[in-house]
Amino acid sequence: MIISKRLSIHTPKQSCLIDITESIKQIVEMSTIENGQITVFVPHTTAGITINENADPDVLKDMLYGLSKIVPNDVMFKHLEGNSTAHIKSSLMGSSVTLLVVNKQCQLGVWQSVYLCEFDGPRVREYQIQLIGD
Amino acid sequence: MIISKRLSIHTPKQSCLIDITESIKQIVEMSTIENGQITVFVPHTTAGITINENADPDVLKDMLYGLSKIVPNDVMFKHLEGNSTAHIKSSLMGSSVTLLVVNKQCQLGVWQSVYLCEFDGPRVREYQIQLIGD
Amino acid sequence: MIISKRLSIHTPKQSCLIDITESIKQIVEMSTIENGQITVFVPHTTAGITINENADPDVLKDMLYGLSKIVPNDVMFKHLEGNSTAHIKSSLMGSSVTLLVVNKQCQLGVWQSVYLCEFDGPRVREYQIQLIGD
């Protein structure tokens, strides 16, 4: 069985990490699938998706700060929109994550949440969730 | 239903991003699968795969330039082949991407293409596509 | 058919790459699935997973050294546990990899192995393998 759903979200800042875990878990809970996998895909090129800590919000601040140090703006960038750092950060984080479902439970670790990574906001962003399994 | 296909491509430069989107979409179009997912896997350790912008070619130049700044060569590298930066860049980009198929449509965003990332070319590179669904 | 298995491993150092390829191949060999895909998921936020070279161990040393240069510690990090670099490195590597199975063969390249990436050890770490296919 395959269930697909497209959702959208408003990102409030230029760079931010938005916790979308609950919207993913809801699809698992509302389905009859007991075992399988969920893919969450972001159809943008200046936003990505990652999994990281959900306990101390300072981790998220350090991730965004760390990424800004890893990918600083550079006078050699040629793209006229001026958002090349956002494109590079998006590829570093990736455009999808895959979660596993076992015995009706989404197999995230205790400290893990799924974050849509905005690197060129604020904007309305979309993400597509697909649950595949038995 | 599961469809698998192995393709190869010539990469013309030491570092380059090759758009392989059409070869992926063709497999979706030629199959009877209406909903499911496609995984594209690169069986190399100095080449990766990513999704990014297909409109302005300057984005691709900035990505390659940005990656060369993020992962500069270093006198401390020990690997005698001298291509440690290519190994690291490959892991940063990743060895696979997953795309979703919904109602027979590959769910890439308007500005998204899939790129095989060559970091130690020119070479002949392979990639494996697998489409799984109903 | 879907087969899921959770394994654990002891990571001996603060930063290290542990080859878990054999444990993944065993699940393919012991199953009757001929075509499909395997997802390996790491339920931690200071450990990740990647695919890279299995021949020269210097590549692994250079990867860990290179990552330490890409993500240095920084006085501006706020997270009190002091392991923000491990969180960032984990998101750079990612929390899952996907492998393809075609005609009962795991489609890894000749030089590829799957590595659990420890960035805040030593610890006991878990990983979940799921094989889905026909």
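Residues numbered from 1 in each chain as written. Chains lettered and ligands numbered in written order. Predicted model: local features only at pLDDT ≥ 70, side-chain atom pairs only at ≥ 80, totals over all residues. Heavy atoms only, no water.

With that settled, the discussion passes to the overall build of chain A. Across its full length, chain A carries 3 helices and 8 strands. The N-to-C order of helical and strand elements in chain A reads β-β-α-β-β-α-α-β-β-β-β. By the compact-globule yardstick of 14 Å for 134 residues, chain A fits well, its C-alpha radius of gyration being 16 Å. Seen through its principal axes, chain A has C-alpha atoms that stretch 50 × 30 × 20 Å. Contacts in chain A between residues far apart in sequence, at least 24 positions, make up 84% of those at least 6 positions apart. Carbon and sulfur atoms provide 52% of the accessible area of chain A, an area that totals close to 5400 Å². (Helix = DSSP H or I, 4+ residues; strand = E, 2+ residues; numbered from the N terminus. Rg over C-alpha atoms; globule rule 2.2 N^0.38 Å. Contact = heavy atoms within 4.5 Å. Areas by Shrake-Rupley, 256 points an atom, 1.4 Å probe, with all protein chains shown as cover.)

Residues and elements named next belong to chain C. Judged by pairing direction, the sheet is antiparallel, and its 5 strands sit side by side in the order β1-β8-β3-β5-β6 without closing on themselves. At either end of the open sheet lies a strand with only one pairing partner, and these are β1 (2-11) and β6 (105-106). When strand β3 (residues 36-41) meets strand β8 (residues 123-133), the two strands line up antiparallel, connected through 6 bridges. Directly across from Ile-38, in β8, lies its bridge partner Leu-131. Contacting β1, β3, β5 (96-102), β6 and β8, helix α1 (residues 21-30) crosses the sheet at an angle of about 30° to β8. (Pairing = 2+ DSSP bridges. Axes fitted to C-alpha atoms, helices over the stretch in contact; angles between N-to-C directions.)

Turning to the sheet that holds strand β5 (residues 96-102) of chain A, a few remarks are in order. Residue and element names in this part refer to chain A. In spatial order, the strands read β1-β8-β3-β5-β6; together these 5 strands make up an open sheet with antiparallel pairing. Each edge of the sheet is formed by a strand with only one pairing partner; in this case those strands are β1 (2-11) and β6 (105-106). The sheet contacts of helix α1 (residues 21-30) involve β1, β3 (36-41), β5, β6 and β8 (123-133), and relative to β8 the element is tilted by about 30°.

Turning to the relation of the copies chain C and chain B, a few remarks are in order. Of the two same-sequence chains, chain C is brought onto chain B (RMSD 0.0 Å, axial shift 0.0 Å) by a rotation of 120°. On the angle and the small slide along the axis, the relation comes out as a three-fold axis. Relative to the rotation axis, the C-alpha of Leu-92 of chain C is the closest in chain C, positioned 3.4 Å from it. When the interface residues of chain C are mapped onto chain B, a mere 12% of them again fall at the interface, so the copies present different faces. (Least-squares fit on C-alpha atoms with pLDDT ≥ 70 in both.)

So, on to the nonpolar core. Ile-70 and Leu-92 of chain A, Ile-70 and Leu-92 of chain B together with Ile-70 and Leu-92 of chain C are the most contacted members of the largest nonpolar core, which has 46 residues in total. Discounting residues that sit within four places of it in the chain, Ile-70 of chain B has contacts with Ile-70, Val-71, Ile-88 and Leu-92 of chain A, Leu-92 of chain B together with Ile-70 of chain C. (Core = buried A, V, L, I, M, F, W, Y, C linked by side-chain atoms within 4.5 Å. Buried < 20%, exposed > 50% of the residue type's maximum accessible area, 1.4 Å probe, protein only.)

Moving on: the interface of chain C and chain B. The partner chain B presents 29 residues to the 33 residues of chain C that form the contact. Each partner contributes to the roughly 2500 Å² buried at the junction of chain C and chain B, and carbon and sulfur atoms together form 57% of this total. Here chain C is connected to chain B by 0 salt bridges. Those elements giving two or more residues to the side of chain C that touches chain B turn out to be β3, β4 (47-53), α2 (57-70), α3 (84-93), β5 and β8 of chain C. Of the residues forming the side of chain C that touches chain B, the biggest block, 10 residues, is contributed by α2 of chain C. Its residues placed into classes, the side of chain C that touches chain B shows 15 nonpolar, 11 polar and 7 charged. (Buried area = accessible area lost by both parts, 1.4 Å probe. Salt bridge = Lys/Arg side-chain N within 4 Å of Asp/Glu carboxyl O. Nonpolar A, V, L, I, M, F, W, Y, C, P; charged D, E, K, R; others polar.)

Our next topic: unusual backbone geometry. Trans peptide bonds make up the majority, and among non-glycine residues the majority have a negative phi. A cis amide bond, omega 0°, links Gly-121 of chain A with the succeeding residue Pro-122 of chain A. Mapped onto the elements of the fold, Pro-122 of chain A is located in the loop between β7 (112-118) and β8. Unlike most non-glycine residues, Asn-103 of chain B shows phi in positive territory, near 50°. Mapped onto the fold, Asn-103 of chain B is located in the loop between β5 (96-102) and β6 (105-106).

Attention shifts here to the pattern of salt bridges. All names here are of chain B. For the coordinates displayed, the defined rule picks out 12 salt bridges over all chains. The partner of Arg-6 in a salt bridge is Glu-126, with the nearest N and O atoms 2.4 Å apart. In this pair, Arg-6 sits in strand β1 (residues 2-11) while Glu-126 sits in strand β8 (residues 123-133), placing the two residues 120 residues apart along the sequence. Judged by relative accessible area, Arg-6 falls into the partly exposed class, the value being 36%.

Many authors give the size of an interface as the accessible area that is lost as the parts come together. With 33 residues of chain B in contact, the opposing surface of chain A contributes 29 residues. With both sides pooled, the region where chain B packs onto chain A buries about 2500 Å², and carbon together with sulfur makes up 57% of that total. In terms of surface lost to chain A, no three residues of chain B exceed Asp-62, Tyr-65 and Leu-100 of chain B, which account for 22% of the buried area on that side. Inspection of the chain B/chain A interface yields 0 salt bridges.

With that settled, the discussion passes to α3 of chain C. Residues and elements named next belong to chain C. Counting buried residues along α3, 10 of its 10 residues qualify, which places the element largely inside the surrounding structure. Here α3 has its buried residues at Ser-84, Thr-85, Ala-86, His-87, Ile-88, Lys-89, Ser-90, Ser-91, Leu-92 and Met-93. Looking one or two residues beyond α3, the residue adopting positive phi is Gly-94, at roughly 100°.

Moving on, we get to the relation of the copies chain B and chain A. In this structure, two copies of a chain are linked by a rotation about an axis accompanied by a shift along it. If you rotate chain B by 120° and push it 0.0 Å along the axis, it lands on chain A with an RMSD of 0.0 Å. A distinct binding surface is used by each copy, with only 12% of the interface residues of chain B retained as interface residues in chain A.

Any functional reading would require information that these geometric values do not contain.
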